[in-house]
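Structural overview for review
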Amino acid sequence: MDLIQIRGGNLVDHESDSQRTQYCRFDVVAFGSVVVVGGGGCWLNQSVMGLAESCKLTYIVGGSAYLPCVERLVMRKDLCLIVRYPYVTGTSVIGIKYKDGILIAADMGGSYGSTIRYKSVERIKPIGKHSLLGASGEISDFQEILRNLDELILYDNMWDDGNTLGPKEVHNYLTRMMYNRRNKFNPLWNSLVLGGVKNGQKYLGTVSMIGVHYEDNHVATGFGNHLAKPILRDEWHEDLSFEDGVRLLEKCMRVLLYRDRSAVNKLQIAKLTEEGVTVSPPYALKTHWEFNSFKNPSAGAEGSW
Amino acid sequence: MFRNQYDTDVTTWSPAGRLFQVEYAMEAVKQGSAAIGLRSKTHVVLGCVNKAQSELSSHQKKIFKVDDHIGVAIAGLTADGRVLSKYMRNECINYGFGYEGKLPVGRLVVQLADKAQVCTQRSWKRPYGVGLLVGGLDESGAHLYYNCPSGNYFEYQAFAIGSRSQAAKTYLERKFETFTDASKDELIRHAIFAIKETLQGEKLTSSTCTIAVLGVGEPFHILNQQAIEELIKSFEIAEEEPAADEPDAAPEVEQPAAGDQAAPPADEGAAPMEI
């Protein structure tokens, strides 16, 4: 079985098309019965898939496809299914309910791959009067979400009729937004934490980039799911005081700081109660590195350089 | 109301600054059989007089559930009313899907009014010939609105529309100050009496009227005939109380045949615009 990678993804503006539809040209060369079509993160469009089906397609994995012999293809960009990749990302967000409302914690790092490129990214923002939104994942998509929500809240305020969108409504709206984008193979690459208080009712929920959504007393995204959730399951209880809540969040953030490579030691904790929102100024956690194993690093493997 | 050269289409103003087509549409509302609505802080009650085309047919449906927290009673062209109820139901469902909350009735009413306004400013459309009494709940409590074919909407403590609604309005005007803090049962009682006023001598039975209730913790529902029959009976026994207020309590005595045939032939949808 021969596998050939195709160079492709060149955008060609088809001049004869009055609407200037953009086309992707994929040079597809096949030896034998299997061909890999790739490049630019593009998936196959429907006509290719149709052709593939008629030629006994095996399966599609990630951005590649296994196809029998196919000739030069010209695909319309707007028919191309794209699942992009994130570029500048934020790491975990943790949220908990406490006695008076909601606490959400997130660090201020924006990683560019494995580089910690930005260290003052605010990843928690208030939404309207009643909600807080924290996001991990692609920062530019988070900014896009904030723009959408800004418009939503604006129209809500313009009614000026005493009714306001509460955290439940915002959470549901976000779920619809994320799910619909996912269905178009063009997701907003974020995991969101949405918390709020309205009329004494506390609300805390999360939405992932594929539209998975649920509410709970404590939620976390990314690495927080693996490192922070177990701590929260053991130590969260109803009616935490503000101090206990912050202490719990700091405990989780400290574990993340030690163990998540994309965490930075500069975090914000946001509080939301019936009275309003407060986002703390950035601060750092105290860490302890005085472990014996760190003291003499070359003890186990002496080297000359 | 008289025919004149400015009433041919809705996009023609009269020199006096009137849109006659819109006013004629509001006449259609006045020709329909009565619908009333009243509200307290926590409940809304809608009621209507059941009009049947003939003795053989069933009566027109004039009260519609729009959502658990919104209901509407109509008077006028019931077909237009049905179509608008479908629009309202759609809006509530879409809001529920996108926001998982209840569409505030105040916003629905504005959307409805804007929809009606469009029909007053397009030469290829005509105004909706139906008046809607929209009762619903939102964050600030129970509300009752009246939507007009002109595209206006007003909020009311209590209101009545349709034929002989003035009698009901007179009764409601006398009593409305007690409505805000009234209990649900008191509201229903006032609703039944208001409907009785519009019947003006005809027998009030559970088959001639429909009552619907919605409130805090109580989704919209239409009271069943038996419940209404019992309420009517209990009010007839306690006739002394209302008799003190209403000087015309005497004609409660049966005048079945005379009363029914005396009903105006202007049934919803049956009477054209001609005057």
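For the structure itself, look to the data block above.
What counts and what doesn't
Residues numbered from 1 in each chain as written. Chains lettered and ligands numbered in written order. Predicted model: local features only at pLDDT ≥ 70, side-chain atom pairs only at ≥ 80, totals over all residues. Heavy atoms only, no water. Helix = DSSP H or I, 4+ residues; strand = E, 2+ residues; numbered from the N terminus. Buried < 20%, exposed > 50% of the residue type's maximum accessible area, 1.4 Å probe, protein only. Contact = heavy atoms within 4.5 Å. Pairing = 2+ DSSP bridges. Axes fitted to C-alpha atoms, helices over the stretch in contact; angles between N-to-C directions. Core = buried A, V, L, I, M, F, W, Y, C linked by side-chain atoms within 4.5 Å. Buried area = accessible area lost by both parts, 1.4 Å probe. Salt bridge = Lys/Arg side-chain N within 4 Å of Asp/Glu carboxyl O. Polar contact = N/O pair within 3.5 Å; in protein donor to acceptor, adjacent residues only side chain to side chain. Phe/Tyr/Trp six-rings, centres within 6.5 Å; stacked < 30°, edge-to-face > 60°. Lys NZ or Arg CZ within 6 Å of the ring centre and 35° of its normal.

1. Some remarks on the overall build of chain A
When its secondary structure is counted, chain A shows 7 helices and 19 strands. Residues classed as buried in chain A amount to 44% of the 305 residues present. Pairs at least 24 apart in sequence give 62% of the contacts found in chain A among residues at least 6 apart.

2. Some words on the sheet that holds strand S9 (residues 101-107) of chain A
In sheet architecture, strand pairing relies on hydrogen bonds along the backbone and comes in two forms, parallel and antiparallel. All names here are of chain A. With antiparallel pairing, 5 strands are arranged side by side in an open sheet as S17-S8-S9-S18-S19. What marks the edges here is a single partner per strand, and that holds for strand S17 (218-220) and strand S19 (277-279). Geometrically, the sheet is characterised by an average inter-axis angle of 10° between neighbouring strands, direction not taken into account. Of the pairings in the sheet, the one linking S9 to strand S18 (residues 267-273) comprises 7 bridges and is antiparallel in character. The partner of Ala106 across the bridge, within S18, is Gln268. Packing against the sheet, helix H6 (residues 242-259) makes contact with strand S8 (93-97), S9 and S18, and its axis sits at approximately 25° to S9.

3. What to know about the pairing of strand S12 (residues 124-127) of chain A
Residue and element names in this part refer to chain A. Here S12 runs beside strand S13 (residues 131-138); their pairing, made up of 4 bridges, is antiparallel. The residue bridging Ile124 from the neighbouring strand is Gly134, located in S13. Two successive antiparallel strands, S12 and S13, enclose a turn made up of 3 residues, where Gly128 displays a positive phi of approximately 65°.

4. Description of the sheet that holds strand S10 (residues 218-222) of chain B
Residue and element names in this part refer to chain B. Spatially, S8-S1-S2-S9-S10 is the arrangement adopted by the 5 strands of the open sheet, whose pairing is antiparallel. In this open sheet, the two edge strands, each paired with only one partner strand, are strand S8 (158-161) and S10. Recorded for the sheet is a direction-independent mean angle of 10° between the axes of neighbouring strands. Pairing of strand S1 (residues 35-39) with S8 involves 4 bridges; the strand directions are antiparallel. Pairing of Ala35 across the sheet is with Ile161, part of S8. Packed on one face of the sheet, helix H5 (residues 184-199) meets S1, strand S2 (43-49), strand S9 (209-215) and S10 and runs near 25° to S2.

5. Points about the nonpolar core
Ranked by internal contacts, the top residues of the largest apolar core, which has 39 residues, are Leu133, Ile145 and Leu174 of chain A together with Leu132 and Val134 of chain B. With 6 residues, the single largest contributor to this core is helix H2 (residues 139-159) of chain A. Apart from the residues within four sequence positions on either side, Leu133 of chain A is in contact with Arg123, Ile124, Lys125, Ile127, Phe142, Ile145, Leu146, Leu149, Leu174, Leu192, Val193 and Leu194 of chain A. Counting residues in hydrophobic clusters, the runner-up holds 28 residues, among them Ala160, Ile195, Leu199 and Leu223 of chain B.

6. A look at the interface of chain A and chain B
Contacts between the two partners involve 14 residues from chain A, matched on the other side by 13 residues from chain B. Of the roughly 1,200 Å² buried at the junction of chain A and chain B (both faces included), carbon and sulfur atoms supply 47%. The largest per-residue losses of area from chain A upon contact with chain B belong to Trp159, Asn163 and Asn172 of chain A, which jointly make up 43% of the total buried on that side. Scanning the region where chain A abuts chain B turns up 3 salt bridges. The shortest N-O distance in the salt bridge between Lys198 of chain A and Glu139 of chain B comes to 2.5 Å. Counting across the chain A and chain B interface gives 11 residue pairs in polar contact (both at pLDDT 80 or more). For the side of chain A that touches chain B, the elements supplying multiple residues, two or more each, are H2 and helix H3 (167-183) of chain A. Tallying contributions element by element places H3 of chain A first for the side of chain A that touches chain B, with 5 residues.

7. Quick notes on the packing of aromatic side chains
Residue and element names in this part refer to chain A. Applying the stated criterion to the full structure yields 13 aromatic pairs over all chains. Look at Tyr258 and Trp289: their rings are 5.3 Å apart centre to centre, the planes differ by 85°, and that puts the pair in the edge-to-face class. With a gap of 31 residues between them, Tyr258 in helix H6 and Trp289 in the loop between S19 and helix H7 (292-295) connect regions that are remote in the sequence. You can call Tyr258 partly exposed: its relative accessible area is 31%. An angle of 90° between the planes, with centres 5.6 Å apart, marks the rings of Phe291 and Phe294 as edge-to-face. Assessed through its relative accessible area of 46%, Phe294 is described here as partly exposed. An aromatic cluster is built from Tyr258, Trp289, Phe291 and Phe294, whose rings are joined through pairwise contacts. Stacked on the ring of Phe242, the Lys or Arg Lys271 has its end atom at 5.1 Å from the ring centre.

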